[in-house]
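Survey of secondary and tertiary structure
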Amino acid sequence: MEEHPPEDLAHLHVTAQTAARLPGSERMQRIRGDRWIGYPRAVAALDRLETLFEWPTTQRMPNLLLIGPTNNGKSMIIEKFRRQHPPSSGLDEEQIPVLTLQMPSDPSVIRFYVALLSAIGAPLRPRQRLADLEQLALALLRRVEVRMLVIDELHNVLAGRDSGSRREFLNLLRFLGNELRIPLVGVGTREAYLAIHSDAQLENRFEPITLPLWVEGQETASLLASFAASFPLRSPSAITTADTARYLLARSEGTIGELTRLLTEAAVAAVDSGEEAEVLWCRTPDSLERLRANFTARGIPTTTLSLKTVPAPFP
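Residues numbered from 1 in each chain as written. Predicted model: local features only at pLDDT ≥ 70, side-chain atom pairs only at ≥ 80, totals over all residues. Heavy atoms only, no water.

**What to know about the overall build of the chain**
Broken down by element type, the chain carries 14 helices and 9 strands. Put simply, the chain has 315 residues, and 46% of those count as buried. Contacts spanning at least 24 positions in sequence make up 72% of the contacts within the chain whose residues lie at least 6 apart. (Helix = DSSP H or I, 4+ residues; strand = E, 2+ residues; numbered from the N terminus. Buried < 20%, exposed > 50% of the residue type's maximum accessible area, 1.4 Å probe, protein only. Contact = heavy atoms within 4.5 Å.)

Here you go:
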């Protein structure tokens, strides 16, 4: 702890207030760590995942399709849910309530089962037949009591392949659902949504939840306010203003992943420089003028711009 930490930290969440009293190096480490921001769409997706997780076994289980642009928070939601239902190990058995796997960019059915077995942690023998892999995968899924199977990057399986291969994977999804009688969760981009909806039976089984790009409005303002309250900075940040929000949305192209990166870099620079509040920094007068011209062309006021000599996250 520093000798004379600030007393007025009312702009921060309670946990961030504690962190704000730490030395700068420790605060920068915490800023760079993962953080969960429970914005409404993410909370709604978690609630729906929990509903499916608790669904009683029926002949036709409901499934979910989490759809959104790349880098827009899908994987973070899945990881948050997986951590709420972690694996457990006993003396002679292991339980994996939520099994997640990521599909390679150009998978085959065999590679799908290999990825599935790898996610379980099963040892693999070389050159196994498809039928053997299938039976082993089904047996192990039951043995470790998987209650939900999450397939991330589902668009890699379905998009851009010939119709015969695509049909093969659609049939595989239907087979897994019928055989295991557990909810399947697909995570991907619009291409996965279009592929699922090309099959009438799967379309009725997969409920879509979309994570659209962020746009100006109250939801974005609330999101930025949550970020500002979670970073352990000792002075309030003006990132919730309409002008700053407009700029950040333009720089991030509306994705929460890029928005998080920009704000994280700004918060680290704020601690490192002693500024203790996030501002839009420019390294040189020339870069400041270029940014002002860019703002003017977009119709954005330039009152939030500052000239700093520290390393800048907003060049």
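Picking up where we left off.
**Remarks on the packing of aromatic side chains**
Under the criterion given, the structure shown has 4 aromatic pairs. Relative to Trp 214, the ring of Tyr 39 lies with its centre 5.0 Å away and its plane at 75°, an arrangement referred to as edge-to-face. Of this pair, Tyr 39 sits in the loop between helix 2 (24-32) and helix 3 (40-53) while Trp 214 sits in the loop between strand 7 (206-210) and helix 11 (218-230), and the two are 175 residues apart along the sequence. Note on Tyr 39: relative accessible area 8%, which makes it buried. With a centroid separation of 6.0 Å and 25° between ring planes, the pair formed by Phe 227 and Phe 231 is classed as stacked. (Phe/Tyr/Trp six-rings, centres within 6.5 Å; stacked < 30°, edge-to-face > 60°.)

**Some words on unusual backbone geometry**
At Arg 181, a position not held by glycine, the phi torsion is positive, near 55°. Tracing the sequence through the fold places Arg 181 in the loop between helix 8 (163-180) and strand 6 (184-188). Phi at Glu 253 takes a positive value of approximately 55°, unusual for a residue other than glycine. Of note, Glu 253 is situated in the loop between helix 12 (242-252) and helix 13 (256-273). The exposure class of Glu 253 is exposed, given its relative accessible area of 65%.

**Things to note about the environment of Ile 37**
Within the fold, Ile 37 resides in the loop between helix 2 and helix 3. Sequence-wise, Ile 37 and Phe 227 are 190 residues apart; in three dimensions their C-alpha atoms are separated by 7.4 Å. In contact with Ile 37, other than residues within four places in its own chain, are Leu 223, Ser 226, Phe 227 and Ser 230.

**What about the pattern of salt bridges?**
A complete count under the given rule lists 12 salt bridges for this structure. Salt-bridge contacts for Arg 261 lead to Glu 258; the nearest nitrogen and oxygen are separated by 2.5 Å. Of this pair, Arg 261 and Glu 258 both sit in helix 13, 3 residues apart, which is roughly one turn of the helix. Residue classification places Arg 261 among the partly exposed residues on the basis of a relative accessible area of 34%. Here the residues in one salt-bridge network are Glu 79, Arg 82 and Arg 83, joined through shared partners. (Salt bridge = Lys/Arg side-chain N within 4 Å of Asp/Glu carboxyl O.)

**Looking at a nonpolar patch on the surface**
Among the surface-exposed residues, Ile 110, Val 114, Leu 124 and Leu 130 lie close enough to one another that they form a single nonpolar patch of about 270 Å² accessible area. According to the relative accessible area criterion, Ile 110 is partly exposed, its value standing at 37%. (Patch = residues over 30% accessible without salt bridge, like charges linked within 9 Å, V, L, I, M, F, W, Y side chains within 5 Å. Areas by Shrake-Rupley, 256 points an atom, 1.4 Å probe, with all protein chains shown as cover.)

**What to know about the sheet that holds strand 5 (residues 148-152)**
The sheet built from 5 strands is open, its strands ordered 4-5-6-1-7 with parallel pairing. Each edge of the open sheet is held by one strand with a lone partner, namely strand 4 (98-102) and strand 7. With direction set aside, neighbouring strand axes in the sheet form an average angle of 20°. For strand 5 and strand 6, the ladder comprises 3 bridges, and the chain directions are parallel. Bridge assignment links Val 150 to a residue of strand 6, and that residue is Val 185. (Pairing = 2+ DSSP bridges. Axes fitted to C-alpha atoms, helices over the stretch in contact; angles between N-to-C directions.)

**With respect to the packing of helix 3 against helix 4 (residues 74-84)**
Where helix 3 meets helix 4, the closest approach of the two axes is 10 Å, and the angle between their N-to-C directions is 45°. As summarised for this structure, helix 3 and helix 4 are arranged oblique, according to the angle between their axes. As helix 3 packs across helix 4, the resulting crossing turns out to be right-handed. Across the interface between the two elements, Ala 42, Ala 45, Leu 46, Leu 49, Glu 50 and Phe 53 from helix 3 touch Ile 77, Ile 78, Lys 80, Phe 81 and Gln 84 from helix 4. Tallied by class, the residues present in the contact of helix 3 with helix 4 amount to 8 nonpolar, 1 polar and 2 charged. (Parallel < 35°, antiparallel > 145°, perpendicular 65-115°, else oblique. Left-handed = near helix turned anticlockwise from the far one by under 90°. Nonpolar A, V, L, I, M, F, W, Y, C, P; charged D, E, K, R; others polar.)

**A look at the pairing of strand 1 (residues 63-67)**
Taking burial as the measure, the 5 residues of strand 1 include 5 buried ones, the bulk of the element. Neither face of strand 1 is left uncovered, since the one carrying Asn 63, Leu 65 and Ile 67 and the one carrying Leu 64 and Leu 66 both have all their residues buried. Summarising the sheet, strand 1 and strand 7 pair through 5 bridges and their orientation is parallel. Across the sheet, the residue bridging to Leu 64 is Glu 207, located in strand 7.

**Looking at the packing of helix 12 against helix 13**
The geometry of helix 12 relative to helix 13 is characterised by a closest axis approach of 8 Å and an angle of 120° between their N-to-C directions. In terms of their interaxial angle, helix 12 and helix 13 are classed as oblique. The two elements helix 12 and helix 13 cross, and the hand of that crossing is right-handed. Between helix 12 and helix 13, the residues in contact are Leu 248, Arg 251 and Ser 252 and Glu 258, Leu 259, Leu 262 and Leu 263, respectively. Looking at side-chain class alone, the contact of helix 12 with helix 13 contains 4 nonpolar, 1 polar and 2 charged residues.

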